[in-house]
Amino acid sequence: MPAHTNPAGDIFGGWIMASMDEAAAMAVAKLVEGRAVTVAVSSMVFIQPVKVGDSVCFYADVKRVGRSSITLDVEVWVLRRGCGERVKVTEAEFTFVAVDEDGQPRPLKSPQAASAA
């Protein structure tokens, strides 16, 4: 939407990054059986701009599962003006940690199940 544009008229990178975090959080929520928080974002690459009118799709795949953490590869693809070939526009790695009620790291209940997802 135009309200999410930067001064150059492209979709603001911060909006893309926040949406990637939300997509990753949805994937992680199914796996951690409780609360998880974003602790790191690495390898963020903005490959191409996202334009007003593009259809934006977010994909998250589990990359690694640790004792209390899950790392995902997150990609953003668009359909220019909602049609044509998909174009990859952004990619990053997001790491989440499962936390308890006090916000302290806690072990995942079933890391093997999470890595199989």
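Fair warning: this is a prediction, and the values are worked out from it, not measured in the lab. (Residues numbered from 1 in each chain as written. Predicted model: local features only at pLDDT ≥ 70, side-chain atom pairs only at ≥ 80, totals over all residues. Heavy atoms only, no water.)

Draft legend 1. Just unusual backbone geometry, in detail. Of note, the phi angle at Glu33 is positive, near 55 degrees, even though the residue is not glycine. Inspection of the secondary structure assignment puts Glu33 in the loop between helix H1 (13–32) and strand S1 (36–46). With phi around 55 degrees, Ser43 is a residue other than glycine that occupies positive phi space. Here Ser43 lies in strand S1. (Helix = DSSP H or I, 4+ residues; strand = E, 2+ residues; numbered from the N terminus.)

Draft legend 2. Examining the pattern of salt bridges more closely. In the structure shown here, the tally under the stated rule is seven salt bridges. The shortest N-O distance in the salt bridge between Asp73 and Lys63 comes to 3.8 Å. Pair noted here: Asp73 is in strand S3 (residues 69–79) and Lys63 is in strand S2 (residues 55–65), with a separation of ten residues, a long-range link. Taking relative accessible area as the criterion, Asp73 reaches 33% and is therefore assigned partly exposed. (Salt bridge = Lys/Arg side-chain N within 4 Å of Asp/Glu carboxyl O. Buried < 20%, exposed > 50% of the residue type's maximum accessible area, 1.4 Å probe, protein only.)

Draft legend 3. Broad picture of the nonpolar core. Counting residues in hydrophobic clusters, the biggest one holds 19 residues, and the most contacted among them are Met20, Ile70, Leu72 and Phe94. Contributions of two or more residues to this core are made by H1, S3 and strand S4 (86–98). Among the elements that make up this core, the one with the highest residue count is H1 (six residues). Discounting chain neighbours no more than four positions away, the residues touching Leu72 are Ala24, Ala27, Val28, Ala60, Asp61, Val62, Lys63, Ala92, Glu93, Phe94 and Phe96. (Core = buried A, V, L, I, M, F, W, Y, C linked by side-chain atoms within 4.5 Å. Contact = heavy atoms within 4.5 Å.)

Draft legend 4. Broad picture of the sheet that holds S4. Read across the open sheet, the four strands follow the order S1-S4-S3-S2; overall the sheet is antiparallel. Strands at the two margins of the open sheet, each flanked by one partner only, are S1 and S2. Across the sheet, the mean angle separating the axes of adjacent strands is 25 degrees when strand polarity is ignored. For S1 and S4, the ladder comprises eight bridges, and the chain directions are antiparallel. In the sheet register, Ala40 faces S4, and the bridge partner there is Thr95. The sheet strands contacting H1 are S1, S2, S3 and S4, and the helix crosses S4 at an angle near 50 degrees. (Pairing = 2+ DSSP bridges. Axes fitted to C-alpha atoms, helices over the stretch in contact; angles between N-to-C directions.)

Draft legend 5. Broad picture of the pairing of S2. Two strands pair when backbone bridges link them, and S2 and S3 are joined in this way by ten bridges, in the antiparallel orientation. In the strand pairing of S3, Val62 is matched with Leu72. Between S2 and S3, which pair antiparallel and follow one another directly, the connecting turn spans three residues.

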